[in-house]
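Here is how the chains run, residue by residue.
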Amino acid sequence: MWVVPSNTPQRGVLEEDDRFIFLVRRGEECPSTQDLLTSLRQVEKMLAVHEASYQQGLRSLRKKMSALHNSTIIFRSGATCSKPEPPAHGRRLGRVFAAGHEVHFMCKSGFELIGPRTRVCLESLRWSGQQPMCRRFNSTGNSLASISPAAPSSSLPVSLALSASSSSSSSSASSPSPSSSSSPTSSSPLSSVRPSHCTHFLGSTRCTCDVGFTISGRDNNICTDIDECRLFPLGQPGRLCVHQCVNTPGSFHCFCPAGYQLSREGRSCTDIDECENRMQNCTADQACVNTYGGFQCATVACPHMNNATYIKTSPMRCERNPCMLGDKACTQAPNSISFHFLSVVSNMSAPRVLFRVSAARVLGDTLRFGLAGGRGRGHFSVQRSGRQTGTLLLVTPIKGPATLEAEVEMSELERSNLLGRYLTKVTLFVSPYEF
């Protein structure tokens, strides 16, 4: 006997029963009712077995999903590690304290972190590692700063109501030589390698390193220090330090020469004004001139000439005594001599305006400006920038350390006859550094 769909044409005797037609070959008897019931019971048993297997698999899947759901609820419903306290003179980064989460620690400027920079909340609801602490960084060197000082300005009154004012420039100088800076050493190789922090969670393992370290090793069980100084060298854009970078385990430190102090952000430095802070040893008859990274004791003395005599009328100004009637040699000498001191960085870009001299009131019909002398004249030029103003320019960069002088002369004439000469001596203290 075969059971076939009712839409399949077959030869033989057909007996129709609901959805199926039972086909009986010629010469064979039709199955009895008992045989049909037996076949139906067997099919029913087979379906029941499949249904039981399906129900069992469904129950097992539901149990697994319930277990996973319950474990997730446990971690989300207040099962957290205790709130870690930030170290003194430092701070904590991270607000989630559940299992598997991390918090990070860092110190304020001038302090270094002792202990792990990262701690993980374990499944036991305890933090990995020990509580870190911040220790004051003991070093004489400091990191460097990008300095933008205001340029000095002054007034230069003379008999013709002359005034001189210096232009703004990012100037700095340093009296100590580059070799006077501290020479820190980098960390030892042993302190640059430490074990990683591994957490086992739901059958998987996750290994992490403290900040400033990278994962390595065959099983990710080693943390190697990242040398930030090598990644960002001094001569490349994006450098970490202007002067000197020293790698430390998990971090780095910037150092600058003597005469600077560490700024708040920990990477730059500001110049120490030795003159204002009374950290200089200039005598009473000397003028203290602050330079970036140091100071200079400048002596302002009136010149001695055979044909004229001068008297000091202010700390930075000398005036000629009256000449005898008909003494042409005396009248050719400068009516006044003023002194000014500037600080500039090494290899400062040029051309650049350094100083301006102007006459507030003119008696004659002509004013002339020019260079009268000084050391390093090839680096300077004088241009007229107005009817009554002359400008001292730096035309070529100067590599420090160096001290240069420029004498700017302003002459007043009436119908080509000299009425007076006024001399301004500008001294440049060039820093050995380019910052």
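Higher on the page you've got the structure.
First things first, this report covers the structure right here in the doc. (Residues numbered from 1 in each chain as written. Predicted model: local features only at pLDDT ≥ 70, side-chain atom pairs only at ≥ 80, totals over all residues. Heavy atoms only, no water.)

1. Concerning the sheet that holds strand S22 (residues 317-320)
So, point 1. With mixed pairing, the 6 strands of this open sheet are ordered in space as S21-S22-S23-S29-S28-S25. In this open sheet, the two edge strands, each paired with only one partner strand, are strand S21 (310-314) and strand S25 (366-373). Direction aside, neighbouring strands of the sheet carry axes that sit 25° apart on average.
So, point 2. Here 13 bridges tie strand S28 (residues 402-414) to strand S29 (residues 417-430), and the two strands are oriented antiparallel to one another. Residue pairing for S29: Glu412 is matched across the bridge by Gly420. (Pairing = 2+ DSSP bridges. Helix = DSSP H or I, 4+ residues; strand = E, 2+ residues; numbered from the N terminus. Axes fitted to C-alpha atoms, helices over the stretch in contact; angles between N-to-C directions.)

2. Brief notes about unusual backbone geometry
So, point 1. In this structure, Pro351 follows Ala350 across a cis peptide bond, with omega equal to 0°.
So, point 2. By the element assignment, Pro351 lies in the loop between strand S23 (336-344) and strand S24 (352-359).
So, point 3. A positive phi is found at Arg415, a non-glycine position, where the angle reads about 55°.
So, point 4. Mapping Arg415 onto the fold places it in the loop between S28 and S29.
So, point 5. By relative accessible area, which is 69% here, Arg415 ends up exposed. (Buried < 20%, exposed > 50% of the residue type's maximum accessible area, 1.4 Å probe, protein only.)

3. Topic: the sheet that holds strand S14 (residues 222-225)
So, point 1. Sheet architecture is open: 3 strands sit in the order S10-S14-S13, paired in antiparallel fashion. Of all strands in the sheet, those with a lone pairing partner are strand S10 (193-195) and strand S13 (213-216), marking the two edges. Across the sheet, the mean angle from the axis of one strand to that of its neighbour is 35°, orientation sign disregarded.
So, point 2. With 3 bridges joining them, S10 and S14 adopt antiparallel strand pairing. Bridging across to S14, Arg194 finds its partner in Cys223.

4. Description of the environment of Asp273
So, point 1. Looking at the element boundaries, Asp273 is found in the loop between strand S18 (269-271) and strand S19 (286-291).
So, point 2. Given a relative accessible area of 24%, Asp273 falls into the partly exposed group.
So, point 3. C-alpha separation for the pair Asp273 and Tyr292, spaced 19 residues apart in sequence, amounts to 8.0 Å.
So, point 4. A polar side-chain atom of Asp273 sits 3.1 Å from the main-chain amide nitrogen of Glu276. (Polar contact = N/O pair within 3.5 Å; in protein donor to acceptor, adjacent residues only side chain to side chain.)

5. Overview of the nonpolar core
So, point 1. Ranked by size, the top nonpolar core spans 23 residues in total, and within it Leu354, Phe380, Leu392, Met410 and Leu428 carry the most contacts.
So, point 2. Among the elements of the structure, S23, S24, S25, strand S26 (380-386), strand S27 (389-394), S28 and S29 are those that each provide at least two residues to this core.
So, point 3. Look past the residues within four positions of Leu428 in its chain and what remains in contact with it is Leu342, Val344, Leu354, Phe380, Ile398, Ala402, Thr403 and Leu404.
So, point 4. Counting residues in each nonpolar core, the second largest holds 14 residues, with Ala298, Ala308, Cys318 and Phe341 among its members. (Core = buried A, V, L, I, M, F, W, Y, C linked by side-chain atoms within 4.5 Å. Contact = heavy atoms within 4.5 Å.)

6. A closer look at the pattern of salt bridges
Here the idea is simple: oppositely charged side chains can pair when their charged atoms come close.
So, point 1. The tally for this structure, following the rule as stated, stands at 5 salt bridges.
So, point 2. We note a salt bridge from Glu407 to Lys425, for which the minimum N-O separation is 3.7 Å. Placement of the pair is Glu407 in strand S28 and Lys425 in strand S29, with a sequence separation of 18 residues.
So, point 3. The exposure class of Glu407 is buried, given its relative accessible area of 17%.
So, point 4. Between Arg421 and Glu409 there is a salt bridge, with its nearest N and O atoms 2.3 Å apart. Within this pair, whereas Arg421 is found in strand S29, its partner Glu409 is found in strand S28, the two being separated by 12 residues in sequence.
So, point 5. In this structure Glu409 comes out as buried when scored by relative accessible area, which is 18%. (Salt bridge = Lys/Arg side-chain N within 4 Å of Asp/Glu carboxyl O.)

Nothing here speaks to function; it is all geometry.
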